[in-house]
Amino acid sequence: MKLKKLLDKLSGLIGLDNGSDQKEIEKLRKVLKALKEKQDEIHEKLENSKDDNERHKLNQKIEVIQRQRKKGLEVYQAMRDVRGD
Amino acid sequence: MLGRIFLPTISLILCYGFWASTSFKDLATGVALFLFGMLCMEEGFKAFSGGALQKLLRASTDRLWKSLSFGVVSTTLMQSSSLVSVITISFLSAEMITLAQGIGIIFGANLGTTTGAWIVAGFGLKVNISAYAMPILVFGVLFLMQSSARLKGAGWILAGIGFLFLGIHFMKGGFSSYADQIDLTQYAIEGIRGLLVFTVVGIVATVVMQSSHATLTLIITALAVGQVTYENALAVAIGANVGTTITAILGSISANVSGKRLAAAHLIFNLVTGTLALVFIGPLLSLVESISSGIGIAADEYTLKLAVFHTLFNTAGVLLMLPFIQPMVRFLEQRLKDKKIERDQPRYLSSASLELPDVAQKAAFKETLHLFDNAFSIIAHGMDVKRSVILGKDDLQELLEKPAEAIDIDIDEQYSLLIKDIYSANIEFISRAQAVSSAEYSDSFSALRRANMDIVAAIKATKHLRKNLQVHSRSDNLDVRREYNRFRVRFGEVLRELAALKQTEDPIVTLLSLDQIRVENLAAANDAAKTVDTLIRNRQLSPQLATSLMNDGAYTRELIGRLLDVVDAITKSSLPVGEALGDEMSLQIEDIADIARSAEGSSLSGKLED
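Residues numbered from 1 in each chain as written. Chains lettered and ligands numbered in written order. Predicted model: local features only at pLDDT ≥ 70, side-chain atom pairs only at ≥ 80, totals over all residues. Heavy atoms only, no water.

**Q** It is not clear to me how the overall build of chain B should be interpreted in this structure. Could you clarify?
**A** Scanning chain B for helices and strands turns up 26 helices and 0 strands. Within chain B, the fraction of its 610 residues that count as buried is 49%. When the accessible surface of chain B is split by element, carbon and sulfur atoms take 61% of a total near 29200 Å². (Helix = DSSP H or I, 4+ residues; strand = E, 2+ residues; numbered from the N terminus. Buried < 20%, exposed > 50% of the residue type's maximum accessible area, 1.4 Å probe, protein only. Areas by Shrake-Rupley, 256 points an atom, 1.4 Å probe, with all protein chains shown as cover.)

Listed below in structure tokens is the structure:
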């Protein structure tokens, strides 16, 4: 685990820096929302596409976003754990 | 405009000349061989630059007295001030010596050339070094065929000297019909008019015969049989001194601006010396008489007295001009300037912005974008893809089967014009900014430095790739052409996606979007490797072409990887200090490889739909 993350967690435990933590969570939510929108856009393209090659590429793109969102959710969960929500 | 009409016009004139006159043909051939000899010598001296010869040259010419002595000794040995001056021009063009050192050698050569008059007048001996031209040429070509760079360099020099003499031989042949018409007795004139006319005769004779030695021999012979008066012979000697500069001027045509400056210095020196000799001919003659009687030359020994005169006025000229070497260097550097090349310069960097780290960071960021923008065009054109095609909406797959349309670009030249100065300035600025800024800016500056280095690495990868791309993307073999065009298409698609990322507002989303391009790049590389395997198995590709294709595939992957790294680094440098969300959510290389390998690419579909 990175030093910054550890320090953030420690700050969370002793009740410091709640404001900046909140900002981090807000930022993360925003990024996750943007990724979800992007994924929906690609899904729409996938539904309209008949070209196998293009469908393959779009599926790969979706998978990339899904894995990134999964990692984002893990970060989100870790932050909430630190805050004790 | 002038440049465009120059070549066709000169070609037409030459064609007419070749058709109309054999002498003209010989003359033009001589000039061409002479210039080719100069180019050969320059090439040869380049092989020795930085080496022993340059050290020896520097050590032999680092003081004025040394460069003068160098000129005197070499001209005395070679008995040709013209050869010494053209070799000196080659040294200068190859940046082995400075202009001041070159001028010193030329002054020395003017002193050295006076020994010729003594040899001719005293011993009736004429050293004809041009007889060695052919053997020198043979040895030159023999050395050229060796693998050692030094021997090759020596070969170029010898071949150059051989061609110089061959050129002079042809020029003499071309002028021979005119030389026969020079009958000095026709012009025997007394007084100042006679001096001026015979000076011009001396200039013309030397230009025609391409040798001041030949003119001196001619005039000494004519003087001995009483064909010319003593005074007129002196004027011819003065004219020969001016006329001999024609060889250096001719030699400087193919040289760079430094060579031209030296030829101009040679002309100035010989003109000034000649003019002074004409103006002070009376006092000089008295001095010649005194010296001649002092060293035991009889009053009617005009040929030896001519040698005394020749030595005297050249020595006086050198002594007079010595204090003016540095002013002459400054004058020539001001007057004869290098061709002005428009090189793109940094726009946002200033020493003042180093005071504030935030301002310095923004300046370095903008300048890196400026560099990237310049590199974008070079790389796109290097891949024979137009910028408008990348930024347009047409399907890039259409490029796949058609022979690639060539885009004329010299990557090295474009690098010098559009990249080098900005890149150097960026690296220097970032290093200085990083040294004076607080630690929190360190990551941002490091990212920008990395971006700059990746931009340059991407251009180098393009240069490597272009060699084969130019040939094979226009190949008659459709399989080869398609595979090479696939590199262009892949590259074009990546650049198009990167350009589209500019619309993304959130830099973290931009960073995460790079993962998609990485997956596509790796998947495309994997597909290309499989295609090459199939083509080899089906014997549709020779093993040599297949390995070229594999190597060039690696260059394409490197090029695209570098471009992605540039965008990654530039984006990271714009993030707030300590921001790590992009890193935390980005995929690891294993994930990227895993998705690129997956046949369906949808293993996780459905798990995170909401």
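**Q** It is not clear to me how the packing of helix α18 (residues 357–382) of chain B against helix α24 (residues 543–573) of chain B should be interpreted in this structure. Could you clarify?
**A** Packed helices, taken two at a time, are described by the angle their axes make and the gap between the axes. All names here are of chain B. Between α18 and α24, the least distance of the axes is 11 Å, while the angle of their chain directions is 160°. By the angle between their directions, the pair α18 and α24 is classed as roughly antiparallel. Helix-helix and strand crossings are classified by hand; for α18 and α24 the assignment is left-handed. On α24, the residues that touch Q361, F365, T368, L369, F372 and I379 of α18 are L559, L563, V566, V567, I570 and S573. For the contact of α18 with α24, the per-class residue count stands at 9 nonpolar, 3 polar and no charged. (Axes fitted to C-alpha atoms, helices over the stretch in contact; angles between N-to-C directions. Parallel < 35°, antiparallel > 145°, perpendicular 65-115°, else oblique. Left-handed = near helix turned anticlockwise from the far one by under 90°. Contact = heavy atoms within 4.5 Å. Nonpolar A, V, L, I, M, F, W, Y, C, P; charged D, E, K, R; others polar.)

**Q** Sorry, what's going on with the packing of aromatic side chains here?
**A** Residue and element names in this part refer to chain B. One pass over the structure, following the stated rule, counts 5 aromatic pairs over all chains. Aromatic pair Y16 and W19: ring centres 5.8 Å apart, planes at 50°, arrangement tilted. Here the residue Y16 and the residue W19 both occupy positions in helix α1 (residues 2–20), the gap between them amounting to 3 residues, near one helical turn. Take Y16: its relative accessible area is 56%, and that puts it in the exposed class. Of note, K305 hangs over the ring of Y230, and the distance from its end group to the ring centre comes to 5.6 Å. (Phe/Tyr/Trp six-rings, centres within 6.5 Å; stacked < 30°, edge-to-face > 60°. Lys NZ or Arg CZ within 6 Å of the ring centre and 35° of its normal.)

**Q** Is there a simple way to explain the side chain of B:N521 in this structure?
**A** Residues and elements named next belong to chain B. Counting through the fold element by element, N521 comes out in helix α23 (residues 507–537). For N521, a relative accessible area of 8% gives the class buried. Leave out the neighbours within four places in its chain, and N521 touches R490, R557, I560 and G561.

**Q** Is there a simple way to explain the confidence of the model for chain A in this structure?
**A** Interpretation of this model should avoid reading the predicted coordinates in detail wherever pLDDT is low. In this model, chain A carries an average pLDDT of 80, and 73% of its residues clear a pLDDT of 70 or more. For chain A, helix α1 (residues 3–13) of chain A is the element with the lowest average pLDDT, namely 57, and helix α3 (residues 52–83) of chain A is the one with the highest, namely 88. (pLDDT = per-residue confidence, 0-100.)

**Q** Please clarify how a negative patch on the surface should be interpreted in this entry.
**A** Residues and elements named next belong to chain A. A grouping of E37, E41, E44 and E47 is seen on the molecular surface, where their side chains present a negatively charged patch. Here E37 shows up in helix α2 (residues 18–48). A relative accessible area of 44% means that E37 is categorised as partly exposed. (Patch = residues over 30% accessible without salt bridge, like charges linked within 9 Å, V, L, I, M, F, W, Y side chains within 5 Å. Salt bridge = Lys/Arg side-chain N within 4 Å of Asp/Glu carboxyl O. Lys, Arg positive; Asp, Glu negative; His and termini not counted. Charge placed at Lys NZ, Arg CZ, Asp CG, Glu CD.)

**Q** I would appreciate a short explanation of the nonpolar core in the present structure.
**A** Residue and element names in this part refer to chain B. Judged by nonpolar contacts, the single largest core of 67 residues is most densely connected at I419, I459, F491, L498, L559 and L563. When residues of this core are assigned to their parent elements, the largest contribution, 10 residues, is made by α24. Non-local contacts of L563, meaning those with residues more than four positions away in its chain, are made with F372, I379, A458, F491, L495 and L498. (Core = buried A, V, L, I, M, F, W, Y, C linked by side-chain atoms within 4.5 Å.)

**Q** What's the story with helix α21 (residues 442–472) of chain B in this structure? I'm lost.
**A** Given 3.6 residues per turn, any residue in an α-helix points the same way as the ones three and four places further on. An ideal rise of 1.5 Å per residue puts 45 Å on 31 residues; α21(B) measures up with 45 Å between its terminal C-alpha atoms. Of all the bends in α21(B), the largest measures some 40° and sits at B:R466. (Expected span 1.5 Å × (residues − 1). Bend = angle between axes of the 7 residues up to and from the residue.)

**Q** Mind showing me how you'd approach the packing of helix α14 (residues 257–279) of chain B against helix α16 (residues 302–321) of chain B here?
**A** Residue and element names in this part refer to chain B. For the pair α14 and α16, interaxial distance at closest approach is 9 Å and the crossing angle is 120°. Comparing their axes, α16 and α14 come out oblique. At the point where α14 passes α16, the crossing takes the right-handed sense. Every residue of α16 that contacts α14 at I268, F269, V272, T273, L276 and A277 is listed here: F313, N314, G317, V318, L320 and M321.

**Q** Sorry, what's going on with unusual backbone geometry here?
**A** Residue and element names in this part refer to chain B. Look at D384: it is not a glycine, yet its phi comes out positive at around 60°. Considering the arrangement of structural elements, one finds D384 in the loop between α18 and α19 (387–391). A residue is classified by how much of its surface remains accessible, and D384, at 3% relative accessible area, is buried. Even without being a glycine, R539 presents a positive backbone phi close to 55°. Mapped onto the fold, R539 is located in the loop between α23 and α24. Note on R539: relative accessible area 75%, which makes it exposed.

**Q** Hey, could you run me through the environment of B:K420 in this one?
**A** All names here are of chain B. Inspection of the secondary structure assignment puts K420 in helix α20 (residues 411–436). Overall, the relative accessible area of 39% leaves K420 in the partly exposed class. K420 sits 36 residues away from V456 along the chain, and the two C-alpha atoms are 9.0 Å apart. Once residues within four sequence positions are removed from consideration, K420 is found in contact with R343 and Y415.

**Q** It is not clear to me how the pattern of salt bridges should be interpreted in this structure. Could you clarify?
**A** Close approach of charged atoms lets side chains of opposite charge pair. All names here are of chain B. Per the counting criterion, the structure on display carries 26 salt bridges over all chains. Here R387 ties to D373 by a salt bridge, and the two come within 2.9 Å at their closest N and O atoms. Placement of the pair is R387 in helix α19 and D373 in helix α18, with a sequence separation of 14 residues. A relative accessible area of 27% places R387 in the partly exposed class. Salt bridges sharing common partners tie together D515, R518, D568, K572 and D583.

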